[in-house]
Amino acid sequence: MSHGQRGSQSQWDPWKPHSQQPWNSGSDSQTPDWAALAEASETRNKRRRLLFVGGGVLATVAVGAAVAMAVMSADSDDNASGQPASQLPATAALPSGSATGPSFAPTSAPPPLDPKDFISSAQKDTAPLSADTLFPGARLTMGENVYKKGPTADTKSCATAVQGTLGKVLTANGCTRLIRATYTKDGIAATVGVAVFDTEAQALKAKGQADKKSIVKPLSGSGVKAFCDGAVCRSTTNSYGRYAYFTLAGLPGGKDVTAKDTKVFRTGDDLAEYAFQQIRRRGVAQASAAANP
């Protein structure tokens, strides 16, 4: 007995919900077709593996893209965040105990030699000394003033080269030598005298004991007429190191110097400054020689 054709049967799809599994068409029994079921299960497993593999590839590509973007951002000079640099997180500070390289004890050059040390005692002040070394050349230029050098003198008998109370002062303090030179300009003549002692203390004491009557004897000759012979002249007294130096400036013809004779004052001051410079140069030269033997 034949049965009428059943209604359209839905095709079984293992991925479609509520689809019916196929049964063995050759039998009316309700026994499942186990071979078909096994084949369908294997098909599902293959599809799942393909999906997993594909998903892994996509994940790998995504991770690779993120790494590439990170590398490009690190190599770029532009701000990758699009924010101003002031809004970016601050760089972490190094720990206080981090090593910054080897450290060495600070070193310093030895202090320079003091030129005055070399002219403060006879033991260190050993450079040649004479009228020519102390007052070299035929002329002396001080600023705009040019003075012509006249006669010079050098004696170990200090008292014979001075007058007034200065002879006693120099002798009492152990003066060993007195060097003089005379300079002229515009009829004005001036003598500068440098007294030499063994120590700075002796020179300072002689300077302190000198008074208004302690003056160097004017040195004339070699074209320089006598001056300050009974006339009022202007004198100065000072010291530096183991040297004391004195000046005496006057007008020609026996005229007295007054406060209006500014050129006479200027001449005496220039010679006093020149004596100081020459004494100091001795110290500088000896200090330099000692520092660069």
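Scroll up a little and you will see the structure.
Read on for a plain summary of the structure. Because the structure is predicted, anything quoted here is derived from the model rather than measured.

### Things to note about the pairing of strand β1 (residues 139-142)
Then, number 1: Here β1 shows a buried face lined by L140 and M142 and an unburied face lined by R139 and T141.
Then, number 2: The pairing of β1 with strand β2 (residues 145-155) spans four bridges and is classified as antiparallel. Residue T141 lies in a different strand from β2, and its bridge partner there is V146.
Then, number 3: Remark: two residues form the turn of the hairpin made by β1 and β2, two consecutive strands paired antiparallel; G143 in that turn has positive phi of roughly 65°.

### Topic: the side chain of R282
Then, number 1: Looking at where R282 falls in the secondary structure, it is placed in helix α5 (residues 262-291).
Then, number 2: Using a relative accessible area of 10% as the deciding quantity, one classes R282 as buried.
Then, number 3: At a separation of 2.7 Å, a polar atom in the side chain of R282 contacts the side chain of D125.
Then, number 4: A polar contact is formed between the side chain of R282 and the backbone oxygen of A127, at a distance of 3.1 Å.
Then, number 5: In this structure, R282 is in contact with I119, D125, A127, P128, L129 and Y243, ignoring residues within four places of it in sequence.

### What about the side chain of S239?
Then, number 1: With respect to the helices and strands, S239 occurs in strand β7 (residues 234-240).
Then, number 2: Under the relative-accessibility criterion, S239 is labelled buried at 12%.
Then, number 3: Sequence-distant contacts of S239, that is, excluding residues within four places in its chain, are made with A203, L204, K207, A244 and Y245.

### So, the sheet that holds strand β8 (residues 243-250)
Then, number 1: The strand order across the open sheet built from six strands is β1-β2-β4-β5-β8-β7, with neighbouring strands paired in antiparallel fashion. Edge positions in the open sheet fall to β1 and β7, since each of these has one partner strand only. Put simply, the sheet's adjacent strands are angled 25° from each other on average, direction ignored.
Then, number 2: Of the pairings in the sheet, the one linking β2 to strand β4 (residues 177-185) comprises six bridges and is antiparallel in character. Within β4, the position partnered with K149 by the bridge is Y183.
Then, number 3: Strand contacts of helix α4 (residues 200-209): β7 and β8, with the helix running at about 155° to β7, the strand carrying the most contacts.

Conventions we followed
- Residues numbered from 1 in each chain as written.
- Predicted model: local features only at pLDDT ≥ 70, side-chain atom pairs only at ≥ 80, totals over all residues.
- Heavy atoms only, no water.
- Buried < 20%, exposed > 50% of the residue type's maximum accessible area, 1.4 Å probe, protein only.
- Helix = DSSP H or I, 4+ residues; strand = E, 2+ residues; numbered from the N terminus.
- Pairing = 2+ DSSP bridges.
- Polar contact = N/O pair within 3.5 Å; in protein donor to acceptor, adjacent residues only side chain to side chain.
- Contact = heavy atoms within 4.5 Å.
- Axes fitted to C-alpha atoms, helices over the stretch in contact; angles between N-to-C directions.

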